[in-house]
Amino acid sequence: MIENNIIGIVLAGGKSSRFGEDKSNIKLGRKTLLDHTISKIEKKFNEILIISKDKTYNFKNKKIYIIEDHIQGQLGPLIGILTAMKWVNKNKKNYKWIASFPCDTPFFDTGLISKLKIKSKETSKKLIFLNSNNKRHNIFGLWSMDLIETLENDIKNGFRKVEIWADKIGYESISINTEKFDRFLNINTKEDLKIAKENIDKI
């Protein structure tokens, strides 16, 4: 289900401070964490942006672009979202929404992408997030391009945390049924990676 008005982005520019090294290049099975994410979403979008300062990635798909954060300093996911929005405008693309994914959460169900796309047609909200087990997943979401000016101004005024900014803007959430195994497991530590390796058959 490809929608021409949505571009997919992968946020891979974090500090990985708890992990101790760049998580995006860590192997889980035969693929890196970033490769797992890309393989799940590349057929769902016409183009994909990877927000990262690492220019060594080499993807066969020529519709995948690697761009650095608009503001340097690893200041958080909101900077990555703004970076994607600015790229869309600069390159005169017609996308109306940014679909964001983390690079360190390889178990998510790709069926959720369709849920996000459907919800974008049903709501008047400019932000849409996934929610499971009473937890809002602030990186899995859709961000309307209409928010670019507000986002840029709020970042200049010190907003850094997605949850605080989302509460200010207002958002729609999609509740996901949870399984015994958490498909939103994000690999922040070496212990998380161990759990992921023990459950790699669930990818």
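The structure displayed is predicted, hence computed values, not measured ones.

> Before we go on, may I ask you to explain the pairing of strand β6 (residues 97-102) in this structure?
Looking along a regular strand, one sees side chains alternate from face to face of the sheet. With 6 of 6 residues buried, β6 lies mostly within the body of the structure. Here strand β1 (residues 6-11) pairs with β6 via 6 bridges, running parallel. Its bridge partner being in β6, Leu11 is matched across the sheet by Pro102. As paired elements, β6 and strand β8 (residues 135-144) share 4 bridges and run antiparallel to each other. Bridged to Ser100 within β8 is Gly141.

> Help me understand the sheet that holds β8, please; the structure alone is not making it clear to me.
Ordered by their spatial adjacency, 7 strands build an open sheet running β5-β4-β1-β6-β8-β7-β9, and the pairing between neighbours is mixed. This sheet does not close on itself; its edge strands, each paired only once, are β5 (64-67) and β9 (172-176). The sheet shows a mean angle of 25° between the axes of neighbouring strands, direction not considered. Taken strand by strand, helix α5 (residues 162-169) contacts β7 (127-132) and β8, and its axis lies near 60° from that of β8.

> I'm lost on the packing of aromatic side chains in this one. Help?
In this description, a pair of aromatic rings is defined by centroid distance and the angle of the planes. Applying the stated criterion across every chain, the model contains 11 aromatic pairs. Measuring from ring centre to ring centre gives 5.9 Å for Phe45 and Phe101, while their planes differ by 65°; the resulting arrangement is edge-to-face. Residue Phe45 is found in the loop between α1 (33-41) and β4 (48-51), and its partner Phe101 is found in strand β6; the two are separated by 56 residues along the sequence. Residue classification places Phe45 among the buried residues on the basis of a relative accessible area of 4%. With a centroid separation of 5.2 Å and 40° between ring planes, the pair formed by Tyr65 and Trp87 is classed as tilted. With a gap of 22 residues between them, Tyr65 in strand β5 and Trp87 in helix α2 (residues 77-90) connect regions that are remote in the sequence. Ring-pair connections join several aromatic residues into one group, and the members of that group are Phe45, Phe101, Phe108, Phe140 and Phe184.

Cut-offs used in this document
Residues numbered from 1 in each chain as written. Predicted model: local features only at pLDDT ≥ 70, side-chain atom pairs only at ≥ 80, totals over all residues. Heavy atoms only, no water. Buried < 20%, exposed > 50% of the residue type's maximum accessible area, 1.4 Å probe, protein only. Helix = DSSP H or I, 4+ residues; strand = E, 2+ residues; numbered from the N terminus. Pairing = 2+ DSSP bridges. Axes fitted to C-alpha atoms, helices over the stretch in contact; angles between N-to-C directions. Contact = heavy atoms within 4.5 Å. Phe/Tyr/Trp six-rings, centres within 6.5 Å; stacked < 30°, edge-to-face > 60°.

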